[in-house]
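Here is how the chains run, residue by residue.
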Amino acid sequence: MMTSDAGLAMDDVQVSHCRAEALLSLGRFEEAAKLFEQLAAAFDQHAAGDAGFLLQQAAYAWQEAGQPQQAIAVIDLLIARFDGQADLWIQKASLQVQAGDASAALATLTSALEAMTSEASSDALGRLWVYRAGAHRRLDQIDEAKAALVEALRQPGLDQPLYLLELALVEAAQDNLPAAQTAFEQIIQHFPDSPEAALAQRYLQRLEG
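Residues numbered from 1 in each chain as written. Predicted model: local features only at pLDDT ≥ 70, side-chain atom pairs only at ≥ 80, totals over all residues. Heavy atoms only, no water.

## A short note on the overall build of the protein chain
Rule in force here: Helix and strand definitions here come from DSSP, where helices need a minimum of 4 consecutive H or I residues and strands a minimum of 2 consecutive E residues; each element is numbered from the N-terminal end. When a residue's accessible area, from a 1.4 Å probe over protein chains only, is under 20% of the maximum for its type it is buried; when over 50% it is exposed; and in between it is partly exposed. The contact definition used throughout considers only heavy atoms, calling two residues in contact when any of these lie within 4.5 Å.
Within the protein chain one finds 12 helices and 0 strands. When the helices and strands of the protein chain are read in sequence order from the N terminus, they spell out α-α-α-α-α-α-α-α-α-α-α-α. Sorting the 209 residues of the protein chain into buried and exposed places 43% on the buried side. Considering only contacts within the protein chain whose residues lie at least 6 apart along the sequence, 48% involve residues at least 24 apart.

Written as structure tokens, this is what we have:
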């Protein structure tokens, strides 16, 4: 079905990219994903950065199409290309959680932490440990989740709102609601403009309701 688009991608990449983005805006996500992948293949040997961006767009389109496994397959290509980027591992783990496979997400985050070199930023390591805590929590492995949060705290560049949000969720999973409420309130008080603050407000409403 996409043969003509593949040919167009080779002849006029810019036009093909515009068409892929138009398909995305029209909600024709699967078609857009396939075209983004074809464009990435066309760029692959000549502009690795551009190919990576196009693969990110393909992964997003597959996700919006409700096909997380296809999105994960694209993210795997990106990890192979840019293996030092923690965000790619987190993106893969998040997709696995959305697909209902927290065990796979935990394995992904474990692999990420093992793959990180001594040059990895403390911010990246902190986020990986926090997301690992979340995977443990979803598997009802609360002791392991708390241990992961302790590791996260060792990182001086830790994303504090992200950490506090996961801490609150871990406390709530243990029915320690006062501690959870305190953590949610700290996010709202100290990081009011963060995305985590909006989530904390929603969780607080549930606790108080």
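## What about the packing of aromatic side chains?
Inclusion rule: Here a Phe, Tyr or Trp ring, Trp counted by its six-membered ring, pairs with any other such ring whose centre lies within 6.5 Å, and the pair is stacked when the planes are under 30 degrees apart, edge-to-face when over 60, and tilted otherwise.
For the coordinates displayed, the defined rule picks out 1 aromatic pair. Arranged with centres 5.4 Å apart and planes meeting at 15°, the rings of Phe184 and Tyr203 form a pair that is stacked. Highlighted residues: Phe184 in helix H11 (residues 177-190) and Tyr203 in helix H12 (residues 195-208), separated in sequence by 19 residues. Phe184 sits in the buried class, given a relative accessible area of 2%.

## Notes on the pattern of salt bridges
Quick reminder of the rule: Here, a salt bridge means any side-chain nitrogen of Lys or Arg that lies within 4 Å of a carboxyl oxygen of Asp or Glu.
Going through the model one piece at a time under the given rule, you end up with 7 salt bridges. The salt bridge partner of Glu166 is Arg137, with a shortest N-O separation of 2.6 Å. Of this pair, Glu166 sits in helix H10 (residues 160-173) while Arg137 sits in helix H8 (residues 122-138), placing them 29 residues apart in sequence. When salt bridges with common partners are traced through the structure, they connect Asp87, Asp123 and Arg127 into a single cluster.

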